[in-house]
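Each chain, written out:
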Amino acid sequence: AQRVTQPEKLLSVFKGAPVELKCNYSYSGSPELFWYVQYSRQRLQLLLRHISRESIKGFTADLNKGETSFHLKKPFAQEEDSAMYYCALRRETSGSRLTFGEGTQLTVNP
Amino acid sequence: EPEVTQTPSHQVTQMGQEVILRCVPISNHLYFYWYRQILGQKVEFLVSFYNNEISEKSEIFDDQFSVERPDGSNFTLKIRSTKLEDSAMYFCASSEGAGQGEQYFGPGTRLTVT
């Protein structure tokens, strides 16, 4: 069975500071990893996925298979980054189900 | 930009009653999903649906739950006899493809069972 863990429920940083949201996973195969974001009163939306290897809104995430991690990073946090962030995993075989972590509420203070 | 829509936004029901949650997926999408999130807990997969049948379901999706695509646009989740523990936010999602397509989420329906 697959599992996604986000160890921090809450994370608070100041504007301009670097931010790292941690995500660890357990799965024996080759998963696909995602970060979803939910801004206040908005729907879940895809932020980035590991296979695209792109930076969205200044965020990057690298899949580290040795450490089974997919941490989300941004060098300079902005107030508009305040949101709930969910790490999610999709198995390569069944292909459809997303398994989510518990989420991290990021607050960027002015 | 097309979006997944869900109705109602909030549903209050009494224990034992049947509820139907409705979703309109994005029009050219072929795969549909339901997830739920109990307050304070993680988002959990319930079921996926393709070509008018369930393609995958979780252990949560027992005989109390059913899904249907009654017409060309709606995708519904029915809970036959609601329990207190069914109180949660229910999210619908859709994607163009199964394995590799991005899943687009609706805004959710908050179900409160009293």
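Trainee: Could you clarify how one ought to interpret the overall build of chain A in this entry?
Mentor: A count of helical and extended segments in chain A gives zero helices and eleven strands. Going from the N terminus to the C terminus, chain A shows its helices and strands as β-β-β-β-β-β-β-β-β-β-β. Since a compact globule built from 110 residues should have a radius of gyration of about 13 Å, the 13 Å found for chain A is in line with a globular shape. When the backbone C-alpha atoms are referred to their principal axes, chain A occupies close to 45 × 30 × 25 Å. The buried share of chain A, taken over its 110 residues, is 50%.

Trainee: Which parts of the structure should I look at to understand unusual backbone geometry?
Mentor: Note on backbone geometry: most residues besides glycine have negative phi, and most peptide bonds are trans. A cis amide bond links threonine 7 of chain B to the next residue, proline 8 of chain B, at an omega of -10 degrees. Take proline 8 of chain B: it is sitting in the loop between strand 1 (5-7) and strand 2 (10-13). Phi is positive for threonine 68 of chain A, close to 45 degrees, though the residue is something other than glycine. Following the sequence through the fold, threonine 68 of chain A ends up in the loop between strand 7 (60-61) and strand 8 (72-74). Residue class for threonine 68 of chain A comes out partly exposed when judged on its relative accessible area of 26%. Here asparagine 52 of chain B, not a glycine, exhibits a phi torsion of approximately 65 degrees, which is positive. Position of asparagine 52 of chain B relative to the elements: it lies in the loop between strand 5 (43-50) and strand 6 (53-57).

Trainee: Whenever I open this one, the side chain of glutamate 32 of chain A confuses me. Can you help?
Mentor: Residues and elements named next belong to chain A. Of note, glutamate 32 is situated in strand 5 (residues 32-38). Residue glutamate 32 is classed as buried on the basis of its relative accessible area of 7%. In this structure the side chain of glutamate 32 is engaged in a polar contact, spanning 3.0 Å, whose partner is the side chain of arginine 49.

Trainee: Would you explain the interface of chain A and chain B in this entry?
Mentor: How big an interface is tends to be stated in terms of the accessible area lost upon association of its parts. Chain A puts 20 residues into the contact, and the matching count from chain B is 23 residues. Seen at the junction of chain A and chain B, the total is three salt bridges. With a shortest N-O distance of 2.5 Å, arginine 91 of chain A and glutamate 56 of chain B are connected by a salt bridge. Summed over the shared surface of chain A and chain B, the number is eight residue pairs in polar contact (both at pLDDT 80 or more). Put simply, the parts of the chain that give the side of chain A that touches chain B at least two residues each are strand 5, strand 6 (45-49), strand 9 (83-90) and strand 10 (98-100) of chain A. The greatest single-element share of the side of chain A that touches chain B, amounting to three residues, is contributed by strand 5 of chain A.

Trainee: So what exactly am I meant to see when it comes to the side chain of arginine 43 of chain A here?
Mentor: Residue position: arginine 43 of chain A is located in the loop between strand 5 and strand 6. In terms of polar contacts, arginine 43 of chain A uses its side chain to reach the backbone carbonyl oxygen of valine 4 of chain B, at 2.6 Å. Here the side chain of arginine 43 of chain A touches phenylalanine 105 of chain B through a polar contact of 3.1 Å, landing on its backbone oxygen. In contact with arginine 43 of chain A, not counting residues within four places along its chain, are Val37 and Gln38 of chain A together with Glu3, Val4, Phe105, Gly106 and Pro107 of chain B.

Trainee: Mind showing me how you'd approach the nonpolar core here?
Mentor: The tendency in soluble globular proteins is for nonpolar side chains to be buried side by side. The biggest cluster of nonpolar side chains holds 25 residues, and the ones touching the most others in it are Trp35, Leu72 and Tyr85 of chain A. Of all the secondary structure elements, the ones that give two or more residues to this core are strand 2 (10-14), strand 3 (19-21), strand 5, strand 6, strand 9 and strand 11 (104-109) of chain A. The dominant element in this core, judged by the number of residues it contributes, is strand 9 of chain A, at four residues. Judged by nonpolar contacts, the second largest core, of 23 residues, contains Val4, Phe32, Ile38 and Ile60 of chain B.

The rules behind each value
Residues numbered from 1 in each chain as written. Chains lettered and ligands numbered in written order. Predicted model: local features only at pLDDT ≥ 70, side-chain atom pairs only at ≥ 80, totals over all residues. Heavy atoms only, no water. Helix = DSSP H or I, 4+ residues; strand = E, 2+ residues; numbered from the N terminus. Rg over C-alpha atoms; globule rule 2.2 N^0.38 Å. Buried < 20%, exposed > 50% of the residue type's maximum accessible area, 1.4 Å probe, protein only. Polar contact = N/O pair within 3.5 Å; in protein donor to acceptor, adjacent residues only side chain to side chain. Contact = heavy atoms within 4.5 Å. Salt bridge = Lys/Arg side-chain N within 4 Å of Asp/Glu carboxyl O. Core = buried A, V, L, I, M, F, W, Y, C linked by side-chain atoms within 4.5 Å.

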